[in-house]
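Coordinates in review
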Amino acid sequence: MGQNRPTGELADIAAKVAGGERLSHADGVRLMESNDIHTLGAMANQVRERLHGRNAYYNVNRHINYSNYCVLRCKFCAFYRPYDKSGGGDGYELSLEEITSRATEAYEHGATEVHIVGGLHPTLPFSFYTDMCRAIRAACPKLHIKAFTAIEIIHFTRISKPRVTISEVLCALRDAGLGSLPGGGAEIFDDRVHDEVFTNKVGEAEWFDVHRAAHELGIFTNATMLYGHVETQAERIGHLIKLRDHQDESMASRKAKFNCIVPLSFIPAGSALDHLPGPNGLEDLKTLAISRLMLDNFPHVKAFWIMQSAKLAQVSLNWGVDDIDGTVVYYDITKREGGGTTHQELGVDALKRLIREADCVPVERDTLYQPV
Ligand code: V47
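Everything numeric here is computed off the predicted structure, so don't read it as measured data. (Residues numbered from 1 in each chain as written. Predicted model: local features only at pLDDT ≥ 70, side-chain atom pairs only at ≥ 80, totals over all residues. Heavy atoms only, no water.)

This paragraph deals with the site of the ligand. In the vicinity of the ligand there are 22 residues, among which Lys 146, Gly 185, Glu 187, Ile 267 and Lys 302 approach most closely. For the ligand, an oxygen atom lies 2.8 Å from a polar atom in the backbone of Gly 183. One of the backbone nitrogen or oxygen atoms of Ile 267 is found 2.8 Å away from a nitrogen atom of the ligand. Of all the secondary structure elements, the ones that give two or more residues to the shell around the ligand are strand S6 (221–227) and strand S7 (258–265). When grouped by side-chain class, the residues that make up the shell around the ligand number eleven nonpolar, eight polar and three charged. (Near = heavy atom within 4 Å. Polar contact = N/O pair within 3.5 Å; in protein donor to acceptor, adjacent residues only side chain to side chain. Helix = DSSP H or I, 4+ residues; strand = E, 2+ residues; numbered from the N terminus. Nonpolar A, V, L, I, M, F, W, Y, C, P; charged D, E, K, R; others polar.)

The interhelical angle for the contact between helix H7 (residues 166–176) and helix H9 (residues 204–217), taken along N-to-C directions, is 55 degrees, at an axis separation of 9 Å. One element, H7, and the other, H9, form an angle in the oblique class. Judged by the sense of rotation from one axis to the other, the crossing of H7 with H9 is right-handed. Within the contact between the two elements, H7 uses Ile 166, Ser 167, Leu 170, Cys 171 and Arg 174 and H9 uses Asp 209, Val 210, Ala 213, Ala 214 and Leu 217. (Axes fitted to C-alpha atoms, helices over the stretch in contact; angles between N-to-C directions. Parallel < 35°, antiparallel > 145°, perpendicular 65-115°, else oblique. Left-handed = near helix turned anticlockwise from the far one by under 90°. Contact = heavy atoms within 4.5 Å.)

For helix H2 (residues 25–33), every residue scored as buried is listed here: Asp 27, Gly 28, Val 29, Leu 31 and Met 32. In this structure, the buried side of H2 is in contact with helix H1 (11–18), helix H3 (37–52), helix H10 (233–253) and helix H11 (281–294). (Buried < 20%, exposed > 50% of the residue type's maximum accessible area, 1.4 Å probe, protein only.)

To continue, consider the side chain of His 115. Structurally, His 115 is set in strand S3 (residues 113–117). When its relative accessible area of 12% is taken as the criterion, His 115 is described as buried. In contact with His 115, other than residues within four places in its own chain, are Arg 62, His 63, Ile 64, Lys 146 and Pro 182.

On to the confidence of the model for the protein. Mean pLDDT over the protein: 94, with 97% of residues reaching 70 or higher. Below pLDDT 50 for its whole length, residues 1–6 participates in five contacts with residues either more than four positions away or in separate chains. (pLDDT = per-residue confidence, 0-100.)

The strand order across the open sheet formed by three strands is S9-S1-S12, and the pairing between neighbours is parallel. The outermost strands of the open sheet, each flanked by one partner alone, are strand S9 (323–326) and strand S12 (361–364). Ignoring strand direction, the axes of neighbouring strands in this sheet form an average angle of 25 degrees. Summarising the sheet, strand S1 (residues 55–59) and S9 pair through two bridges and their orientation is parallel. Opposite Asn 59, over in S9, you have Gly 326 as the bridge partner. Relative to S1, helix H14 (residues 348–357) is tilted by about 165 degrees, and along the sheet it contacts S1, S9 and S12. (Pairing = 2+ DSSP bridges.)

Now for the environment of Met 43. Mapped onto the elements, Met 43 comes out in helix H3. The spacing of Met 43 and Ile 13 is 30 residues in sequence and 9.0 Å in space, taken between C-alpha atoms.

The next thing to look at is the packing of helix H5 (residues 126–139) against H7. The interhelical angle for the contact between H5 and H7, taken along N-to-C directions, is 30 degrees, at an axis separation of 8 Å. Viewed along their axes, H5 and H7 adopt a mutual orientation that is roughly parallel. On the side of H5, the interface is formed by Phe 126, Tyr 129, Thr 130, Cys 133, Arg 134 and Arg 137, while H7 contributes Val 169, Ala 172, Leu 173 and Ala 176. Class assignment for the residues of the contact of H5 with H7 results in seven nonpolar, one polar and two charged.

This part covers the packing of aromatic side chains. With the rule as written, the count across this model stands at 16 aromatic pairs. Centroid distance Tyr 129 to Phe 148: 5.7 Å. Interplanar angle 90 degrees. Geometry classified as edge-to-face. Placement of the pair is Tyr 129 in helix H5 and Phe 148 in the loop between strand S4 (144–147) and helix H6 (150–159), with a sequence separation of 19 residues. Aromatic side chains Phe 189 and Phe 208 sit 4.6 Å apart centroid to centroid with 45 degrees between the ring planes, which places their arrangement in the tilted category. With Phe 189 in the loop between strand S5 (178–180) and helix H8 (191–197) and Phe 208 in helix H9, the pair connects residues that are 19 residues apart, well separated along the chain. Assigned by exposure class, Phe 189 and Phe 208 land together as buried. (Phe/Tyr/Trp six-rings, centres within 6.5 Å; stacked < 30°, edge-to-face > 60°.)

Reading across from one edge, S2-S3-S4-S5 is the order of the four strands in this open sheet, with parallel pairing throughout. Since the sheet does not close on itself, it has two edges, and those belong to strand S2 (61–65) and S5, each with one partner. Averaged over all pairs of adjacent strands, the angle between strand axes in this sheet comes to 40 degrees, irrespective of strand direction. Its contacts with the sheet place helix H4 (residues 96–108) against S2 and S3, and it is angled at close to 170 degrees to S2. Contacts between H5 and the sheet are confined to S3, S4 and S5, with S4 contributing the most and set at about 160 degrees to the helix.

Structural data, given as structure tokens:
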């Protein structure tokens, strides 16, 4: 790569990174457009090592997707199903007993976290979600409940009668046992992209409203970016800068902040955008590295191995990434490997081996990045 290109095309950006200087939107776009992947990887690794040395984090967790019924029809999503009361088709909703039993099973197998998200269900009341947290909390007092994307939180404000505020929803969930919010539902913060691929979903203003309210209440959250569909490289960098600005504000005046960015590689199969190729390996690696470089105020960059594959997540550990998420076990939202099954699991030994083979030191963390 880059053999015939002028050497040192990123020299000025490399100097900024070495000096701990913040990168601009134009810098980010140049990084995206550059084929000098070696300089890019070295810069991202420099920042990663400054923050974390050779530590690479993983957690023992379990994802639970409580229902794929959704009132939305986002073009990038292959998960949602229209609501079908008759129980026909492949729509599903888990009972509270089933959700609690899955969480308990995970807890008994050493999980420190459950990650629970689902579609915007048309009929379940808000009490279903508080009851869910309460039941898990009662059965597994020490299990961290990381649950509900910003989009679900807005949905809960709307289905509550009378309507309640975002803060009221968050407080009710926290009282019931919620520990933190995952980063989903962000997609790309841009009106053009929003109108093209997730037009009926709440947009960036509401996503940030939820994360601002959470940070004000002292609830830590994550952030995501769904990349590699219809967005331009400039829009991708714009998304990262909006997250960086929000993090500046949270760090200056709120009780909590974003723990990590999780760049999600678009998987076209089964979605209304399945004519698109999706990102290739180099684009995945570059996006992870550039996320590390642009988000200088984010402690962690996570390669969720389900999205980028275990192999590329491993490579990315020397490209700015310091976290590869966890054991996962079941994941219904996207399926990259495994012939269509939702059973997508890496054991602790496999996670540690991936990390050690990348010349890093495996550190089991809890949801808030404390070593276990
Ligand atoms: O919000 C949907 C994305 C997200 C597709 O916070 C897709 O630690 C790729 O947010 N191809 C849910 N992505 C997953 C998520 C997440 C995952 C792991 C860890 C954390 C965290 C958060 O998945 C959705 C959406 O942005 N998604 N469809 C698709 N076809």
